[in-house]
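In case you want the letters, here they are:
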Amino acid sequence: MPERVIMQVDLDYFYAQCEEVRDPSLKNKPVVVCIYSGRGEDSGAVSTSNYVARRYGVRSGMPITKAKQLLKNAEAVFLKADLDYYDEVSRRVMNILRKYADKFEEVSVDEAYLDVTERAKGDYEAARELASKIKNEIKETENLTCSIGIGPNKVIAKMASDYQKPNGLTVVKPTEAFEFISKMAVDKLPGVGAKTRKILEEMGVKTIGELAKQDPQKLVSRFGRKLGNYLYNAANGRDDEPVKERLEPTQFSRIVTLKQDLQKVDEIEKYIDEICRDLYTRVSSQGYIFKSVGVMCVSDTLAAYTRSETYEHPLDSYEALRSASTTLLSRLLEEEKIKIRRVGVKVSDLVKKSGQKTLYDFITP
Ligand code: DCP
Ligand code: MG
Ligand code: MG
């Protein structure tokens, strides 16, 4: 395979920077964006903060009370996360980025990979110029800064992007890749969290260069085939993961055939429960919540019927989906008085769920 040119773009202190764009008077103050749990005044976690607040030690995932302590002598501003607004900004930025890529992969609200091999003609200086153009366009149209890393694969590109933040541009040519990463601590490698780091430490492995020298068989027996091989290859600067062009889904649905034709809601309910459970798992694991729910029924005469509803706020739980679907089904049955042969549920008007879902997982008591 010829050498690729991969770019990783990550917006700087994204939610907090969006807040600064909306209100420039925040710029030199510590700004902390919070996700409140709803259980008492300061209960919840820090979603992100600007770099002024980070100088005081504020970090994503930290309890809000802790951030308040750290900032008690500063004139800090605490804001409730406005996820709809950040999603909208994200969508516009992604549309800019997409234009610059041969292949484009959005990985989170503020982060994307671009394969630019063809348009840069394999040349890293051409890629650097492309990156400058991207930075300028995002700055001019959205007034946002980002950091960009360029490398021969996704792992190196991401590490390059993390290397100088905020407003960084780091180019790592294929010949420099190993040197660039080898002195870094193992947890700078994407995918190495506290748990893996601890095991590696017990094996006497602290730096990526040391990891690269391990026996790959030993890593596989320690971490399993997938992670073991990844660690060995990535530490050696190798990674074949393609930039995956992903078409955004617009809806999810599932339909089942009943064991026998049925007429009453409470008889059909157990099918609805199961469909909703399955559907909700699929939708949420792909990072979506949704504003519209529809039920569809096929009658014993094979006629199709649907009912749907769009809500003002996205639904974000299995329970909410189940209850919406059951209500729609009752309405349909009441109005149509049919015998049902097949029943299904569809969710649409998808909204990308932002990083907060796992946020509470990071809170240390
Ligand atoms: N986010 C969150 N909870 C976390 C991590 C992130 O809610 N534990 C949200 C808020 C961030 C956004 O996701 O603004 C993007 O995450 P990043 O990890 O890219 O962090 P930032 O963009 O905030 O900062 P950086 O400048 O380090 O990229
Ligand atoms: Mg970011
Ligand atoms: Mg990010």
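Residues numbered from 1 in each chain as written. Chains lettered and ligands numbered in written order. Predicted model: local features only at pLDDT ≥ 70, side-chain atom pairs only at ≥ 80, totals over all residues. Heavy atoms only, no water.

### Digging into the coordination of the magnesium ion (ligand 2)
So, step 1. Ligation of the magnesium ion (ligand 2) by protein atoms is provided by Asp10 (OD), Leu11 (O) and Asp110 (OD), these donors lying 2.0 to 2.2 Å from the ion.
So, step 2. Of note, the magnesium ion (ligand 2) draws all its donor residues from one chain, in the sequence arrangement D-L-x98-D.
So, step 3. A separation of 3.6 Å is found between the magnesium ion (ligand 2) and the magnesium ion (ligand 3), both of which receive a donor from aspartate 10. With aspartate 10 in strand E1 (residues 6–11) and aspartate 110 in the loop between strand E5 (103–108) and strand E6 (111–115), this pair connects stretches of sequence that are 100 residues apart. (Donors = N, O, S within 2.8 Å, 3.2 Å for Na, K, Ca; no water. Helix = DSSP H or I, 4+ residues; strand = E, 2+ residues; numbered from the N terminus.)

### A word on the pairing of E6
So, step 1. For E6, a buried count of five out of five residues is recorded, marking the element as mostly surrounded by other parts of the structure.
So, step 2. Neither face of E6 is left uncovered, since the one carrying Glu111, Tyr113 and Asp115 and the one carrying Ala112 and Leu114 both have all their residues buried.
So, step 3. With five bridges joining them, E5 and E6 adopt antiparallel strand pairing. Bridge pairing in E6 links phenylalanine 104 to leucine 114.
So, step 4. Between the end of E5 and the start of E6, which pair antiparallel, lie two residues. (Buried < 20%, exposed > 50% of the residue type's maximum accessible area, 1.4 Å probe, protein only. Pairing = 2+ DSSP bridges.)

### So, the coordination of the magnesium ion (ligand 3)
So, step 1. Protein ligation of the magnesium ion (ligand 3) involves Asp10 (OD), Asp110 (OD) and Glu111 (OE), the donor distances falling in the range 2.2 to 2.5 Å.
So, step 2. Of note, the donors binding the magnesium ion (ligand 3) are all from one chain and are spaced D-x99-D-E.

### Topic: the pattern of salt bridges
So, step 1. Tallied over the entire structure, the rule returns 25 salt bridges.
So, step 2. Residue arginine 322 is joined to aspartate 273 by a salt bridge in which the shortest nitrogen-to-oxygen separation is 3.6 Å. With arginine 322 in helix H13 (residues 318–336) and aspartate 273 in helix H12 (residues 265–285), this residue pair connects regions lying 49 residues apart in the sequence.
So, step 3. Judged by its relative accessible area of 24%, aspartate 273 is partly exposed.
So, step 4. Two residues, arginine 307 and glutamate 335, come together in a salt bridge whose shortest N-O distance is 2.9 Å. With arginine 307 in strand E11 (residues 304–315) and glutamate 335 in helix H13, the pair connects residues that are 28 residues apart, well separated along the chain. (Salt bridge = Lys/Arg side-chain N within 4 Å of Asp/Glu carboxyl O.)

### Description of the environment of serine 90
So, step 1. Of note, serine 90 is situated in helix H4 (residues 83–99).
So, step 2. With a relative accessible area of 4%, serine 90 lands in the buried category.
So, step 3. Sequence-distant contacts of serine 90, that is, excluding residues within four places in its chain, are made with Phe14 and Val109.
So, step 4. A polar side-chain atom of serine 90 sits 2.7 Å from the main-chain carbonyl oxygen of valine 109. (Contact = heavy atoms within 4.5 Å. Polar contact = N/O pair within 3.5 Å; in protein donor to acceptor, adjacent residues only side chain to side chain.)

### Comments concerning the confidence of the model for the chain
So, step 1. Mean pLDDT over the chain works out to 93, with 97% of the residues at or above the 70 mark.
So, step 2. Across residues 356–365, confidence stays below pLDDT 50; counting only partners more than four residues off in sequence or on other chains, it has 18 contacts. (pLDDT = per-residue confidence, 0-100.)

### Observations concerning the side chain of lysine 135
So, step 1. Relative to the helices and strands, lysine 135 resides in helix H5 (residues 124–142).
So, step 2. Of the side chains with opposite charge, aspartate 12 lies nearest to the buried lysine 135, which makes no salt bridge, at 5.9 Å.
So, step 3. A distance of 3.0 Å separates the side chain of lysine 135 from the side chain of asparagine 167, its partner in a polar contact.
So, step 4. Setting aside residues no more than four positions away along its own chain, lysine 135 makes contact with Cys146, Ser147, Ile148, Asn167, Gly168 and Leu169. (Lys, Arg positive; Asp, Glu negative; His and termini not counted.)

### Some details on the sheet that holds strand E9 (residues 251–262)
So, step 1. Judged by pairing direction, the sheet is antiparallel, and its four strands sit side by side in the order E9-E12-E10-E11 without closing on themselves. Every interior strand has two partners, whereas the edge strands, E9 and E11, have only one. Here the strands of the sheet are splayed against their neighbours by 15° on average, with no regard to which way each runs.
So, step 2. Sheet strands in contact with H12 are E9, strand E10 (288–299) and strand E12 (340–352), and its direction is about 160° off that of E9.
So, step 3. Contacts between H13 and the sheet are confined to E10, E11 and E12, with E11 contributing the most and set at about 145° to the helix. (Axes fitted to C-alpha atoms, helices over the stretch in contact; angles between N-to-C directions.)

### Here's the deal with the state of the cysteines
So, step 1. This model, assessed by the stated rule, comprises zero disulfides.
So, step 2. With no disulfide of its own, cysteine 34 lies closest to cysteine 18 among cysteine sulfurs, the gap being 15 Å.
So, step 3. Just so you know, cysteine 297 is unpaired, no disulfide at all, and the nearest cysteine sulfur is the one on cysteine 276, 12 Å from it. (Disulfide = S-S within 2.5 Å.)

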